[in-house]
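An overview of the molecular structure
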Amino acid sequence: METRHPLAVVTGASSGIGRAFAQRLASEGYDMIITNRHLPELESVAEPLRAMYGIKVTCYAGDLGDAEYRAYLSRKVKEAGPVTMLVNNAGFGIDKPIGRIPLDRILSMINTHNLAPVELIHAVLPDMVKNKKGIIINVSSLCAFLPGLSRTTYAATKSFLHQFSVGLNLELAPYGIYVRSLCPGLVKTNFIEALESESLEKKFEHMKFMEPEVVVNASLKAVKKHRALCIPGIQYHLSYIASRLLPLGFFRYLSSFRRKEAAKEAPVIRLECLKPAA
């Protein structure tokens, strides 16, 4: 992929925050590599951007939970040339107790939220270090700081991504590379609808959601101010501050409501006594 503009890579770019990032970076003159699981959805994002801004947009469809696709994507990113900005946005949630989630889905979440960002960062770093410039935005979540208020695997993977981002920012800053942990709260995307849940959307229907474009604007402002952590929205920033001050027992109390909910959802397991052989 020959490029005359700065090059950005955005994962999970077909909707929500990823799509807003793609649109914003296109307006700033970036050529792009965008990814998602379905090619038609990617092309529906890419084609208007090509026409409107005269940029190059390359689409690579695949599942970041799959090791072969991650290796393929990393190779294509390396071949494309120096990447100026990497946005690791792809992710998904499963609103079920961990015992009701098939192991392959749990591993897919870990691979998508954690291994994919690590592998893509590793792919773009050599050129960033050589050129002494680069921006990496990892889309974590406010759930990274609120144990017990979301499903365990989701919160844990987002916590890893946040801590990895903060540490990496300290490590790479001397090379002119800045890593940002973007931790939004509720955002108007298809994330809630895509959750493997029958009732979660109803739980959130009266809560205030942020627009993806507002989240992206806040994230890029944080980049300019060299802030390692960005939590868009005053209400969510206050939630973060509270999470730093409140004792763990408070979150244990709140998580009890999740446990009650899980007990209602858990399948009934019948145990029968074994009869001695005649």
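In what follows, the structure referred to is the one given above.
These notes cover the structure that comes with them. Note that the structure is predicted; figures quoted are calculated from it, not measured. (Residues numbered from 1 in each chain as written. Predicted model: local features only at pLDDT ≥ 70, side-chain atom pairs only at ≥ 80, totals over all residues. Heavy atoms only, no water.)

1. A closer look at the packing of helix H3 (residues 67-80) against helix H4 (residues 103-131)
Inclusion rule: Angles run from 0 to 180 degrees between N-to-C directions of axes, and those axes are lines fitted to C-alpha atoms, restricted for helices to the stretch in contact. Comment: elements are numbered from the N terminus, with helices defined as DSSP H or I runs of at least four residues and strands as E runs of at least two. Angle categories: roughly parallel below 35 degrees, roughly antiparallel above 145, roughly perpendicular from 65 to 115, and oblique for all the rest. The hand of a helix crossing depends on one turn: near helix anticlockwise from the far one by less than a right angle means left-handed, and clockwise means right-handed. Any two residues whose heavy atoms approach within 4.5 Å at even a single point are treated as in contact. All residues other than Ala, Val, Leu, Ile, Met, Phe, Trp, Tyr, Cys, Pro, Asp, Glu, Lys and Arg, Gly among them, are scored as polar; the first ten of these are nonpolar and the last four charged.
Closest axis-to-axis distance for the H3/H4 pair is 9 Å, and the angle between their directions is 30°. Accordingly, the angle class assigned to the pair H3 and H4 is roughly parallel. The handedness of the crossing between H3 and H4 comes out as right-handed. On the side of H3, the interface is formed by Arg70, Leu73, Ser74, Val77 and Lys78, while H4 contributes Asn111, Leu115, Ala116, Glu119, Leu120, Ala123 and Val124. In terms of residue class, the contact of H3 with H4 is built from 7 nonpolar, 2 polar and 3 charged.

2. Some points on the packing of aromatic side chains
What counts here: Here is the rule: rings of Phe, Tyr and Trp (six-membered ring for Trp) pair when centre to centre is within 6.5 Å. Planes less than 30 degrees apart are stacked, more than 60 are edge-to-face, and the remainder are tilted. Each residue's exposure class comes from its accessible area (1.4 Å probe, protein chains only) as a fraction of the maximum for that residue type: buried when under 20%, exposed when over 50%, partly exposed otherwise.
Here the structure, examined in full by the defined rule, presents 4 aromatic pairs. Relative to Tyr240, the ring of Phe145 has its centre 4.8 Å away and its plane inclined at 70°; by these criteria the two rings are edge-to-face. Residue Phe145 is located in the loop between strand E5 (134-139) and helix H5 (152-172), and its partner Tyr240 is located in helix H9 (residues 234-245); the two are separated by 95 residues in the primary sequence. Each member of the pair, Phe145 together with Tyr240, is buried. Here Phe160 and Phe164 contribute two aromatic rings whose centre-to-centre distance is 5.7 Å and whose plane-to-plane angle is 10°, an arrangement assigned as stacked. Of this pair, Phe160 and Phe164 both sit in helix H5, 4 residues apart, roughly one helical turn. Taken together, the ring pairs connect Tyr60, Tyr69 and Tyr72 into an aromatic cluster.

3. Brief notes about helix H8 (residues 212-224)
Let me state the cut-off plainly: Expected span of a helix, by definition, is 1.5 Å for each gap between consecutive residues, and there is one gap fewer than residues. Summarising the geometry, the arc corresponds to the directions from the helix axis toward the C-beta atoms.
In this model H8 runs 19 Å from its N-terminal to its C-terminal C-alpha over 13 residues, within 8% of the 18 Å that 1.5 Å per residue would give. By the burial criterion, the buried members of H8 are Pro212, Val215, Val216, Ser219, Leu220, Ala222 and Val223. Down the axis of H8, the buried set is contained in an arc of 155°. They therefore lie on one face. Seen from the buried face of H8, the exposed residues on the opposite side, beyond 90 degrees, are Lys221 and Lys224. Against helix H1 (16-27), strand E4 (85-88), E5, strand E6 (177-182) and strand E7 (229-230) lie the buried residues of H8. Looking one or two residues past H8, His226 carries a phi angle of roughly 60°, positive in sign.

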